[in-house]
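Residues per chain, in single letters:
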Amino acid sequence: MKLDWNKGENGLLPVIVQDATNKEVLMLGYMNEEAFEKTKAENRVTFYSRSKQRLWTKGESSNNFLDVVAIKIDCDQDTILIKANAHGPTCHTGTVSCFDNGDESRFRESENSFTINDLEKTIHQRIDDKVEGSYTYSLIQKGINKVAQKVGEEAVEMVIDAINGKEEDFIYEAGDLMYHYLVLLKAKGLSLAHIEKELAKRHK
C-alpha cells in the first residue's frame, strides 16, 4: 500500500512512533516523501521539521535515535505508524515518551506495572548504550557462548526448584532464567517480537 502524499498539508503526513517492545506511544511527528524514503533506507526515523523547515533525524543532536523495526500505513493511506527501538529518552524533556506528563496517573493501578517488555527494553538500553558497570553489558561482552551457558545454568536451577524447592525459590529462579533468556535473544540480534511472530505462525 502506498501513501497518498496529496492528503497531507504541504505534503506532510503524521507519523506515530511506538516502542516496538512495550507498545508505548513515544511521539508524533511529520514526514514528507523524502523523509519517509530516508527513514526506510537508513532504518532510522527521520522527520520533516516544520519549525526548522528541513529534514530532521531524531537524535541527530542528542544521540537518542529511533531505530525502525516496522512501518505500517493506515487504511486511508495518510497516516504512518512506526515501531521503533529507542536509544534513550524520546522526549526533549528527558522523559521516555512525549506523553509522559503524569496526567493519567489517577487512572493507573497502584500495583507494580513492571512488565517483561520493560525488562527487555532495559536490557537493550544497557547493551546498546554500553553502560559501564552494568552486569548486563559485562555479560554480553563475554560473548554468546557465556550468555548461552548462563541460560543453561539458570534453566537447571529452575528445574531443581520446580521439583524440590519452595514456590518462592522457583519464582526467583524463573526470573533469573527469563532475564538471561532475554539477554541471549539480544546477543543473537533478536527480541521478544521475533518469538511472538513465530508463536503467532504456530497459532494459526
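Because the structure is predicted, anything quoted here is derived from the model rather than measured.

Q: Tell me about the domain arrangement of the chain, and please be specific about residues and values.
A: Entries for the chain in the domain assignment read domain 1 (5-86) and domain 2 (116-201). If you average the C-alpha positions of domain 1 and of domain 2, the two centres end up 31 Å apart. Contacts between domain 1 and domain 2 engage four residues on the former and four residues on the latter. In this assembly, domain 1 packs against domain 2 so that about 490 Å² is buried in total across both faces, 43% of it on carbon and sulfur atoms. In terms of surface lost to domain 2, no three residues of domain 1 exceed Asp19, Thr21 and Asn22, which account for 68% of the buried area on that side. Between the two partners, domain 1 and domain 2, sit one salt bridge. The shortest N-O distance in the salt bridge between Asp19 and Lys121 comes to 2.9 Å. Run the count over domain 1 and domain 2 and you get two residue pairs in polar contact (both at pLDDT 80 or more). Taken together, the residues that form the side of domain 1 that touches domain 2 break down as one nonpolar, two polar and one charged.

Q: Quick one: what's the story with the pairing of strand β2 (residues 25-31), residue by residue and with numbers?
A: Of the pairings in the sheet, the one linking strand β1 (residues 13-19) to β2 comprises six bridges and is antiparallel in character. Residue Val15 lies in a different strand from β2, and its bridge partner there is Gly29.

Q: Break down the nonpolar core for me, with residues and values.
A: In this structure, Val17, Met31, Ile80 and Ile82 are the most contacted members of the largest nonpolar core, which totals 17 residues. Aside from chain neighbours lying at most four places away, what touches Ile80 is Leu3, Trp5, Pro14, Val15, Ile16, Met31, Phe36, Ile71 and Lys72.

Q: Got a sec to walk through the pairing of strand β3 (residues 46-49)? Specific residues and values, please.
A: Side-chain alternation along β3 places Thr46 and Tyr48 on one buried face and Phe47 and Ser49 on a second face that is also buried. Where β3 lies against strand β4 (residues 54-57), four bridges are found, and the strand directions are antiparallel. Looking at the pairing, Ser49 lines up with Arg54 of β4. Where β3 hands over to β4, the hairpin turn is made up of four residues, of which Gln53 adopts a positive phi near 60 degrees.

Q: Lay out the confidence of the model for the chain with the relevant residues and their values.
A: Here the chain averages 90 in pLDDT, and 93% of its residues register 70 or above. Confidence over residues 105-111 falls short of pLDDT 50; this stretch has zero contacts with residues more than four positions distant or in other chains.

Q: Explain the pattern of salt bridges to me, and be specific about the residues and the numbers.
A: A full pass over the atoms with the stated rule returns 10 salt bridges. Residue Asp67 pairs with Arg44 through a salt bridge whose shortest N-O separation is 3.0 Å. Linking Asp67 in strand β5 (residues 66-73) with Arg44 in the loop between α1 (33-42) and β3, this pair joins segments that are 23 residues apart in sequence. Given the relative accessible area of 25%, Arg44 is considered partly exposed. Arg54 serves as the salt-bridge partner of Glu60, at 2.9 Å between the closest nitrogen and oxygen. On the accessibility criterion, Arg54 (35% relative accessible area) is partly exposed. One salt-bridge network, in which partners are shared between bridges, spans Lys150, Glu153 and Glu154.

Q: So what about the side chain of Ser49? Which residues, and what values?
A: Inspection of the secondary structure puts Ser49 in strand β3. Engagement of the side chain of Ser49 in a polar contact is seen with the side chain of Ser51, the distance being 3.2 Å. Not counting residues up to four positions away in its chain, the partners in contact with Ser49 are Arg54 and Trp56.

Scoring rules and cut-offs
Residues numbered from 1 in each chain as written. Predicted model: local features only at pLDDT ≥ 70, side-chain atom pairs only at ≥ 80, totals over all residues. Heavy atoms only, no water. Domains from an automatic or database assignment. Contact = heavy atoms within 4.5 Å. Buried area = accessible area lost by both parts, 1.4 Å probe. Salt bridge = Lys/Arg side-chain N within 4 Å of Asp/Glu carboxyl O. Polar contact = N/O pair within 3.5 Å; in protein donor to acceptor, adjacent residues only side chain to side chain. Nonpolar A, V, L, I, M, F, W, Y, C, P; charged D, E, K, R; others polar. Pairing = 2+ DSSP bridges. Helix = DSSP H or I, 4+ residues; strand = E, 2+ residues; numbered from the N terminus. Core = buried A, V, L, I, M, F, W, Y, C linked by side-chain atoms within 4.5 Å. Buried < 20%, exposed > 50% of the residue type's maximum accessible area, 1.4 Å probe, protein only. pLDDT = per-residue confidence, 0-100.

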